[in-house]
Number of protein chains: 2
Amino acid sequence: MATIYEVSKLAGVSLATVSRVMNNNANVSDATREKVTRAMTELGYRPNSIAQSLASNCSNSVGLLVSELHGPFYGPMMSGIETAFRKQGKHVIIAAGHSNEEREQQAIEFLISRNCDGLILHVEAISDDYLIALSKGKTPFVLINRYIAELSSRCIILDNVKGGYLAAKHVLEQGHTDIAYISGPLWKKDAQDRLTGHKQALAEYNLSFNEQLLYQGDFMEDSGAAGFKHLHNSETTFTALICANDEMATGAMATARECKLKLPEQLSIMGYDNVFFTRHVYPPLSTINYPINEMGRMAADWVLSNVYQKNTPPLQTLFEPELIIRQSVLANPQ
Amino acid sequence: MATIYEVSKLAGVSLATVSRVMNNNANVSDATREKVTRAMTELGYRPNSIAQSLASNCSNSVGLLVSELHGPFYGPMMSGIETAFRKQGKHVIIAAGHSNEEREQQAIEFLISRNCDGLILHVEAISDDYLIALSKGKTPFVLINRYIAELSSRCIILDNVKGGYLAAKHVLEQGHTDIAYISGPLWKKDAQDRLTGHKQALAEYNLSFNEQLLYQGDFMEDSGAAGFKHLHNSETTFTALICANDEMATGAMATARECKLKLPEQLSIMGYDNVFFTRHVYPPLSTINYPINEMGRMAADWVLSNVYQKNTPPLQTLFEPELIIRQSVLANPQ
DNA sequence: ACATAAAATGTAAGCGCTTACATTTATAAC
DNA sequence: GTTATAAATGTAAGCGCTTACATTTTATGT
């Protein structure tokens, strides 16, 4: 692989000049620029980005930490991010944290030791304190789907209270009054918020929240199944079940069907996230849209703007959920 | 950020010694190793991986090129790969090629200029010739889901002929004789192979392949829908539809239902890939398992073994598809 | 105790770039 | 044609490590 040195020799100029045309910064006369580019193509020169990084103290790479690389939620997010960065010649290093505190911390360490210029973090298990401490460090980062008051300007979040409200309201508007709820793990802020919104809607309809009809899941499919079973076997009855995300809704649907319930006739179900496969389940699942792809893009813009001083569209930090009506919620149940 | 120089001063040794304990290569006495590690923790020293890479000519990073970052197929693949590498302290740089020749080439260039030590490529549009030329270069790479005879030892593939055969055989065994087929784009080897297997099974049952019952799709959901419409409106009839992947099967199912067909009573459907959501569609889709997660892991092992000289389990290059029976194929149609 | 080999440590030259600063060359103003 | 000023180019010192080679220390055998 040719180096800048060989290029400079071939072109008959100094190293600095070659570097200048590469970073087309400074004043280089058209003539020499021409000479240099010709030499570069002749040698098939490709700059060594490692050397560039070391010399310029900028790795042109940003770390992306998600909980899982698979799963319907993170794909669109990564996609939005990668697209935005590649346009700018930045690259993304990915790591998975698996919603586990130790692994999330390790991943962050790893990304930092890799000299990432910035970090995009979707972390769940790590503490606020750790992140606040991290914010004192020299690697800037932005948080997706997590709000910490002290770090508010770098938190890109969805209004989950509103989302929870919207979901419940839709079900209420269809005439349901006995509504079960499978929440996410309530130590997570987003799970709490969704439930809060749910309760708000109930209150608006002068319905009191029945603790019997609440099951705390963990956002994973199996807990949707377990939750449904628990609720189904309890003494209370319900005509609708709202789940705090689509995966749990899917698990609940499968189990409900195993219990010989007709969907949506005997049970209306509502999800949350609008993960792509929700329209393929049966019946197609009504849900709340989580614009994760755009939020990923926004996180990328945050980094582009705050780390690389690029001009970006104005940064937006709070996103709005949206009701998606399909066929899993039946009107006028008896 | 502390550098190796400060560590060496604090520990009262030379740079080289510090470097030695970091790479715990050479002979370092326990006493000095002790001194050095103490100095490192005292300073909170973290090696600068960029500098390491430049000096050692090894970036400890491997490039991963997939068609899309989202979608049900690539997630498990990336997941298997990331896990394998992180255990070894290697990191993965991702790029998306979008099944487009130019973008795939750009992505490869990008990854190479990023000094990746090795590449894992899932490419579709790029030519064999390009890859063969690339193999002469200095960056080693392994191919997933692509077979090129000249590069056979670095092709990690599924036996798609067998998969196509298995799918058709299952449908035939259930008594179907009029079987439609929505293929992938036939310029792609895997699409061809699946169809070849399909025809083999037909032949085994002494059935001739009816070109009228073939529709060429593009592996995307919409083409499943379009394919079904086309087939449904043609003069021929069929009791079963085999699709070359799950997404197209899903598209076909949705459209079939829109056409008021009862599934699976009036139409049996078979998919391919066993993407995770297939068990959630209705009726749960019978399909062919594509062990993409393991294949990803194997690709990682290939790199670990061929690039980093690590010991790995024996490398396997050909993977076997497997029939997954769910409820979308009905027995004894009339 | 001495020679010799082995182990431990140090020295210094890069890796391929960027960039502050110095120098040369072109341009403008008179 | 000078001189002042700006534009173009060159020089060389790093960036933070690794590593070949040189040197010193320690262990071993007699």
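Residues numbered from 1 in each chain as written. Chains lettered and ligands numbered in written order. Predicted model: local features only at pLDDT ≥ 70, side-chain atom pairs only at ≥ 80, totals over all residues.

Draft legend 1. Highlighting the overall build of chain A. The helix and strand inventory of chain A stands at twelve helices and twelve strands. In terms of overall dimensions, chain A is more spread out than a globule: its C-alpha atoms have a radius of gyration of 26 Å, far above the 20 Å expected for 334 residues. Over its C-alpha atoms, taken along the principal directions, chain A stretches across nearly 85 × 40 × 30 Å. Once local pairs closer than 6 in sequence are excluded, the contacts in chain A between residues at least 24 apart make up 68%. (Helix = DSSP H or I, 4+ residues; strand = E, 2+ residues; numbered from the N terminus. Rg over C-alpha atoms; globule rule 2.2 N^0.38 Å. Contact = placed C-beta atoms within 7 Å.)

Draft legend 2. Looking closely at the relation of the copies chain B and chain A. Its rotation angle being 180°, the transformation that places chain B on chain A also includes 0.0 Å of axial translation and leaves an RMSD of 0.0 Å. What the superposition gives is, in effect, a two-fold axis relating one chain to the other. Take the interface residues of chain B: 100% of them recur as interface residues in chain A, which is what a same-surface contact looks like. (Least-squares fit on C-alpha atoms with pLDDT ≥ 70 in both.)

Draft legend 3. Focus on the interface of chain B and chain A. Each partner contributes to the interface: chain B provides 33 residues, whereas chain A provides 33 residues. Broken down by secondary-structure element, the contributors of at least two residues to the side of chain B that touches chain A are helix H4 (49-56), helix H5 (74-87) and strand S2 (91-96) of chain B. Among the residues making up the side of chain B that touches chain A, the classes are represented as 15 nonpolar, 13 polar and five charged. (Nonpolar A, V, L, I, M, F, W, Y, C, P; charged D, E, K, R; others polar.)

Draft legend 4. View of the protein's contact with DNA strand D. The environment of DNA strand D is made up of 28 residues, and the closest members are Ala16(A), Asn27(A), Ile4(B), Ser19(B) and Ala55(B). Looking at the surface near DNA strand D, the elements with two or more residues in it are helix H2 (15-22), helix H3 (30-43) and helix H4 (49-56) of chain A together with helix H2 (15-22) and H4 of chain B. The class makeup of the residues in the surface near DNA strand D is 16 nonpolar, eleven polar and one charged. (Near = placed C-beta within 6 Å.)

Draft legend 5. Broad picture of the protein's contact with DNA strand C. Looking at DNA strand C, there are 27 residues lining it, with Ile4(A), Ser19(A), Ala55(A), Ala16(B) and Asn27(B) nearest. The set of elements that each furnish at least two residues to the surface near DNA strand C consists of H2 and H4 of chain A together with H2 and H4 of chain B. When the residues that make up the surface near DNA strand C are grouped by side-chain class, the tally is 15 nonpolar, eleven polar and one charged.

Draft legend 6. Geometry of H2(B). Residue and element names in this part refer to chain B. Within H2 the residues assigned to the buried category are Thr17, Val18 and Val21. An end-on view of H2 places all buried positions within 100° of arc, on one side of the element. Tucked inside the fold, the buried residues of H2 contact helix H1 (4-11) and helix H3 (30-43). (Buried ≥ 20, exposed ≤ 12 C-beta atoms within 10 Å, placed from the backbone. Arc of directions from axis to C-beta.)

Draft legend 7. Geometry of the sheet that holds strand S8 (residues 240-243) of chain B. Residues and elements named next belong to chain B. Overall, parallel pairing links the four strands, which are arranged S7-S6-S8-S9 in an open sheet. Looking at the sheet topology across the chains shown, the edges are occupied by strand S7 (214-216) and strand S9 (268-270). Averaged over all adjacent pairs, the angle separating strand axes in this sheet is 15°, with direction ignored. Pairing between S8 and S9: three bridges, direction parallel. Residue pairing for S9: Ala240 is matched across the bridge by Ser268. (Pairing = 2+ DSSP bridges. Axes fitted to C-alpha atoms, helices over the stretch in contact; angles between N-to-C directions.)

Draft legend 8. Up close: the environment of Leu261(B). All names here are of chain B. If you trace the backbone, Leu261 turns up in the loop between helix H11 (246-258) and S9. Accessibility expressed as a C-beta count within 10 Å gives 16 for Leu261, which makes it partly exposed. Dropping the residues within four chain positions of it, Leu261 is found in contact with Ala256, Gln266 and Leu267.

Draft legend 9. Just the pairing of strand S6 (residues 179-183) of chain B, in detail. Residues and elements named next belong to chain B. A large share of S6 lies buried, amounting to five of its five residues. Every second residue of S6 is oriented toward a common face, with Ile179, Tyr181 and Ser183 on one face and Ala180 and Ile182 on the other, all of them buried. Relative to S8, S6 runs parallel, the two being bridged by four bridges. Bridged to Ile179 within S8 is Ala240. The pairing of S6 with S7 spans three bridges and is parallel. Residue pairing in the sheet places Ile182 in a bridge with Tyr215 of S7. For the crossover from S6 across helix H9 (residues 189-204) to S7, the handedness is right-handed. (Right-handed = clockwise from strand over helix to strand, strands pointing away.)

Draft legend 10. Expanded view of the packing of helix H8 (residues 160-173) of chain A against helix H9 (residues 189-204) of chain A. Residues and elements named next belong to chain A. Between H8 and H9, whose axes approach to 6 Å, the crossing angle comes to 40°. Here H8 lies oblique to H9, going by the angle between them. In this structure, H8 meets H9 at a crossing whose hand is right-handed. For the pair H8 and H9, the contacting residues are Asn160, Val161, Lys162, Gly163, Gly164, Tyr165, Ala167, Ala168, Lys169 and Leu172 in the first and Asp190, Asp193, Arg194, Leu195, Thr196, Gly197, His198, Gln200, Ala201 and Leu202 in the second. Looking at the contact of H8 with H9, its residues break down into eight nonpolar, seven polar and five charged. (Parallel < 35°, antiparallel > 145°, perpendicular 65-115°, else oblique. Left-handed = near helix turned anticlockwise from the far one by under 90°.)

Draft legend 11. Spatial organisation of the packing of helix H10 (residues 221-233) of chain A against helix H11 (residues 246-258) of chain A. Residues and elements named next belong to chain A. The contact between H10 and H11 brings their axes to 6 Å, and the two run at 50°. Considering the angle they form, H10 stands oblique to H11. Here H10 runs over H11; the crossing is right-handed. Of the residues in H11, those touching H10 at Glu221, Asp222, Ser223, Gly224, Ala225, Gly227, Phe228 and Lys229 are Glu247, Met248, Ala249, Thr250, Gly251, Ala252, Ala254, Thr255 and Ala256. A per-class count over the contact of H10 with H11 returns seven nonpolar, six polar and four charged.

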